[in-house]
Amino acid sequence: MAEKHTLDTMTPASSSNWYGADNKRMKLENSQSSSSMGTKSSLDPHQPPPSLVVHARAVPDGCSFQEILNHVARFGKISYLTMMPKIRQALIEFERLEDAVNCVRSTQENQIYILERPVFFNFSTSQEITRSPYGYSPSSQQPPQEESPMNNILLYTIFNPIYPITVDVIQTISSPCGIVQRVAIFRKNGVQALVEFDSTLSAQRAKQHLDGADIYAGCCTLKIEYARCQRVNVYKNDEMTWDYTIQAGLRGGLMNRPPAPPQAAFQQTQPAAPQAFVAQQYPAAAPTGGQDYSIANFGGPGTGAPGSVLMLYGLDINRISCDSIFNLLCSYGNILKVKILINKPGTAMVHMDNPQAAKNALQHLQQTRGMGNTLQLAFSKHDYIADKGQAECMPDGTPCWKDFTQSRNNRFLTAEAVSKNRIIGPSKILHFYNAPPDSTEDTFKQLFSELKVPEFTAIKFFSQGQPG
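This text gives an overview of the structure that appears in the document.

What counts and how
- Residues numbered from 1 in each chain as written.
- Predicted model: local features only at pLDDT ≥ 70, side-chain atom pairs only at ≥ 80, totals over all residues.
- Heavy atoms only, no water.
- Pairing = 2+ DSSP bridges.
- Helix = DSSP H or I, 4+ residues; strand = E, 2+ residues; numbered from the N terminus.
- Axes fitted to C-alpha atoms, helices over the stretch in contact; angles between N-to-C directions.
- Phe/Tyr/Trp six-rings, centres within 6.5 Å; stacked < 30°, edge-to-face > 60°.
- Buried < 20%, exposed > 50% of the residue type's maximum accessible area, 1.4 Å probe, protein only.
- Core = buried A, V, L, I, M, F, W, Y, C linked by side-chain atoms within 4.5 Å.
- Contact = heavy atoms within 4.5 Å.
- Patch = residues over 30% accessible without salt bridge, like charges linked within 9 Å, V, L, I, M, F, W, Y side chains within 5 Å.
- Areas by Shrake-Rupley, 256 points an atom, 1.4 Å probe, with all protein chains shown as cover.
- Salt bridge = Lys/Arg side-chain N within 4 Å of Asp/Glu carboxyl O.

### Focus: the sheet that holds strand β4 (residues 112-114)
One open sheet holds the 5 strands; their spatial order is β2-β3-β1-β5-β4, and the pairing between them is antiparallel. The open sheet has two free edges, formed respectively by β2 (78-84) and β4, since each of these has just one partner strand. On average, each strand axis in the sheet is inclined to that of its neighbour by 30°, with strand direction left out of account. Here β4 pairs with strand β5 (residues 117-123) via 3 bridges, running antiparallel. From the neighbouring strand, I114 faces β5, where its bridge partner is R117.

In structure tokens, the structure reads:
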């Protein structure tokens, strides 16, 4: 159940008659006239002509008017700005055409990152932004209208949700602020939740104490704003929606909790339970006993929750393949699938088998340099990589999509294999094993030369019986 944000910024002035017969006839005549002249439409969305309006794509969740202005105001004076959060887009109208051209050219040559995510800019097919109550004019003295009026329903947006978010988690962190009546979690725009309190005062207290806090240390960051709906609709009580005003008998099943998935046994770290979060935010309200707030009650790594898919940016399209990306990330966890995005050069998606593996890769590979580029990693908004029937091919002829679920090269398949792997970042020293017994230094020099990689400065072979 998603929050409704009405933002009709592109609605024509004569919208009430837009689908009338006169307009249809006019559009048909224009189309025929353009075809007879053999010219290409000037409103081609893929190659739009210069315009005062610049179109921003892939605007991250939680981005504000001010954050966009901080990145584009240096190009020139902006007359109007509007955002479309449901489709992660924004429109920026400059006062001078030269400034809009400068913005597009500069951002296409030097990638702009907002909230640690790349945002892409191009000219809009519109020459002017239709003014609406949801837009913002920097020249006006009024602050941007980014938030709904105060009420008893809050919209929680959870960033970097590498651990499962359920109604139990939301209720646990929210109840110290007031009585929680209903909770509904949805994943249309990332991970969000609508939380209905018993009063506006309780909602105000929750927003004041929880906004910007981390549910678990270093992740699951909360952004809280007032919702626009009047009631949270709950049709059934489960891990995604719950009506706490209805006493519907026993909540559990025949057993206390399901067994942990196989991957959970191999995790080296676990997040602090919501109990620690409550104790930090409200020392007097933290539970003291009789309740189990351990991570086992809230799921854990390997439960298939969002946060297992990574986005990789800054890859060399001419030197990468699905196998090379697998080799780069397999030291941090088992890899299920890899997909190289042909329509976004230098970008790939990697589905790890659990959120902790994805977090390990992000922590150790973020901002590392390789093949002349700086590697950027971010959590994807997608929960999985969909199966692909016939994959397109890379310049070297290899497929741009590959399934590694059955690969024996995954390094965390058994407890014994896990115990032999140490999760560390890239370094100048590489460790190899299973090399042919007769391998020599010249053998490796020839191999490095064939692969066109820099030659090593020193190599050491372990004697027989030692690790190698």
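Back to the text.
### Focus on the packing of aromatic side chains
This model, assessed by the stated rule, comprises 5 aromatic pairs. Centroid distance W242 to Y244: 6.2 Å. Interplanar angle 45°. Geometry classified as tilted. Under the relative-accessibility criterion, W242 is labelled buried at 13%.

### Focus: the nonpolar core
Ranked by size, the top nonpolar core spans 58 residues in total, and within it Y156, I215, L310, L312, I325, L329 and I335 carry the most contacts. The contact partners of L310, leaving out residues within four places of it in the chain, are L329, A348, M349, V350, A358, A361, L362, L377, A378, F379 and S380. I68, L69, I112 and V119 belong to the second largest nonpolar core, which has 25 residues in total.

### Comments concerning a nonpolar patch on the surface
A cluster of nonpolar residues, L447, L451 and V453, forms a patch on the protein surface that exposes about 260 Å² of accessible area. Tracing the backbone through its elements, the reader meets L451 in the segment after α10 (441-450). Exposure remark for L451: the relative accessible area of 57% places this residue in the exposed category.

### Quick word on the pattern of salt bridges
In this structure the tally under the stated criterion is 8 salt bridges. Salt-bridge contacts for D323 lead to K402; the nearest nitrogen and oxygen are separated by 2.8 Å. Of the two residues, D323 is situated in helix α7 (residues 322-329) and K402 in strand β18 (residues 401-403); the sequence distance between them amounts to 79 residues. As a salt-bridge pair, K445 and E441 come within 3.5 Å of each other at their nearest N and O atoms. You can see K445 and its partner E441 sitting in helix α10, 4 residues apart, about one turn around the helix.

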